[in-house]
Amino acid sequence: MFTLVMLFALLGLGAWATVKAVGAAKRGVDRTITQAKRTVEDTALKAKSIGQVGVPGSLAQLRLDLRTSMRTTREALSDGSRVDASLKESLVLFERLSAYGHELDGELKRLEQEPDRARVAAALPDLRERVAKITQSADSLRWAARDRARRFAEDDLSTLSAQIEVESDALRDYASRRDPLDDLAEAAASWDAKAGPAAAGPGNGQGSGHGEERQDARGHARGQRGAAQTPALDAAAPAPQYPWQKSARPETTT
């Protein structure tokens, strides 16, 4: 029973993961298609604004300005809101502004197909004013978000620079300080240097005198032992004894 429950749980989890993966893939495909359509349409508007004159060229330029401002502002706010939570409120305001932008872009797109060019030409001043109002609001949000991000970056850089200066000063102070062991070593070396000449003074001279006396005594003793062991050169050699000689008689006291 437990095995069946685990099997069904695994199957359900696998199905849920599959659905999520398919949904994510579908959203990715839809996003790619939307971006491709937007790129194609923007390219066409650029071509119209450059290659056409009069009302068609003016409408294409208005649409291009509106779409470019809205797209760059959305990207700036979306990217900034990932690291700055306060920009989410700005993103909400932009979504409301974006609704008016989409409505105006649709109106301009319909006017491109309007055969009455005179009526469209008469409406162009009002259309330019509406486009300028929306783009100015979008540009204000975008530049405010960028200024905020730059200010945060400058504050972080200033804080980091101050921390680096403190660390550098600490390193310099540590390098300039002497180790107590070095001071002790120098004191010991100085003491030895002072004690050296003192050891070689009068006391040391007396010790040297006694040493010389001892050396002389040792030399004299060695000389005496050498004299006792080595026969003198002028000592008389004993007379040889011959068989025909009579042995000397001892002297009597009587």
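Keep in mind that this is a model prediction, so the values were computed, not measured.

Trainee: Which residues make up the side chain of Glu112, and what are the values?
Mentor: Tracing the backbone shows Glu112 in helix 3 (residues 87–112). Residue classification places Glu112 among the buried positions, given a relative accessible area of 13%. The contact partners of Glu112, leaving out residues within four places of it in the chain, are Leu45, Lys48, Leu59, Ala60, Arg63 and Arg117.

Trainee: Requested: an account of the packing of aromatic side chains, with residues and values cited.
Mentor: Counted under the stated rule, the structure contains zero aromatic pairs. Across the ring face of Trp143, the terminal group of Arg146 is positioned such that the distance to the ring centre comes to 5.2 Å.

Trainee: If you had to explain the packing of helix 2 (residues 55–81) against helix 3 to someone new, which residues and values would you point to?
Mentor: As a packed pair, helix 2 and helix 3 sit with axes 10 Å apart at the nearest point and diverge in direction by 160°. The angle between the axes of helix 2 and helix 3 places the two elements in the roughly antiparallel class. The two elements helix 2 and helix 3 meet at a crossing, and its hand is left-handed. In the contact of helix 2 with helix 3, the residues fall into 13 nonpolar, eight polar and eight charged.

Trainee: For the pattern of salt bridges, give the residues involved together with the corresponding values.
Mentor: As enumerated under the stated definition, the model contains 11 salt bridges in all. With a shortest N-O distance of 2.6 Å, Asp79 and Arg82 are connected by a salt bridge. The class of Arg82 is exposed, set by a relative accessible area of 64%. When the shortest N-O distance is used, the salt bridge between Arg172 and Asp169 registers 3.1 Å. Pair noted here: Arg172 and Asp169 are both in helix 4 (residues 117–176), with a separation of three residues, about one helical turn.

The rules we used
- Residues numbered from 1 in each chain as written.
- Predicted model: local features only at pLDDT ≥ 70, side-chain atom pairs only at ≥ 80, totals over all residues.
- Heavy atoms only, no water.
- Helix = DSSP H or I, 4+ residues; strand = E, 2+ residues; numbered from the N terminus.
- Buried < 20%, exposed > 50% of the residue type's maximum accessible area, 1.4 Å probe, protein only.
- Contact = heavy atoms within 4.5 Å.
- Phe/Tyr/Trp six-rings, centres within 6.5 Å; stacked < 30°, edge-to-face > 60°.
- Lys NZ or Arg CZ within 6 Å of the ring centre and 35° of its normal.
- Axes fitted to C-alpha atoms, helices over the stretch in contact; angles between N-to-C directions.
- Parallel < 35°, antiparallel > 145°, perpendicular 65-115°, else oblique.
- Left-handed = near helix turned anticlockwise from the far one by under 90°.
- Nonpolar A, V, L, I, M, F, W, Y, C, P; charged D, E, K, R; others polar.
- Salt bridge = Lys/Arg side-chain N within 4 Å of Asp/Glu carboxyl O.

Everything listed here is a matter of coordinates, which is why it stays silent on function.
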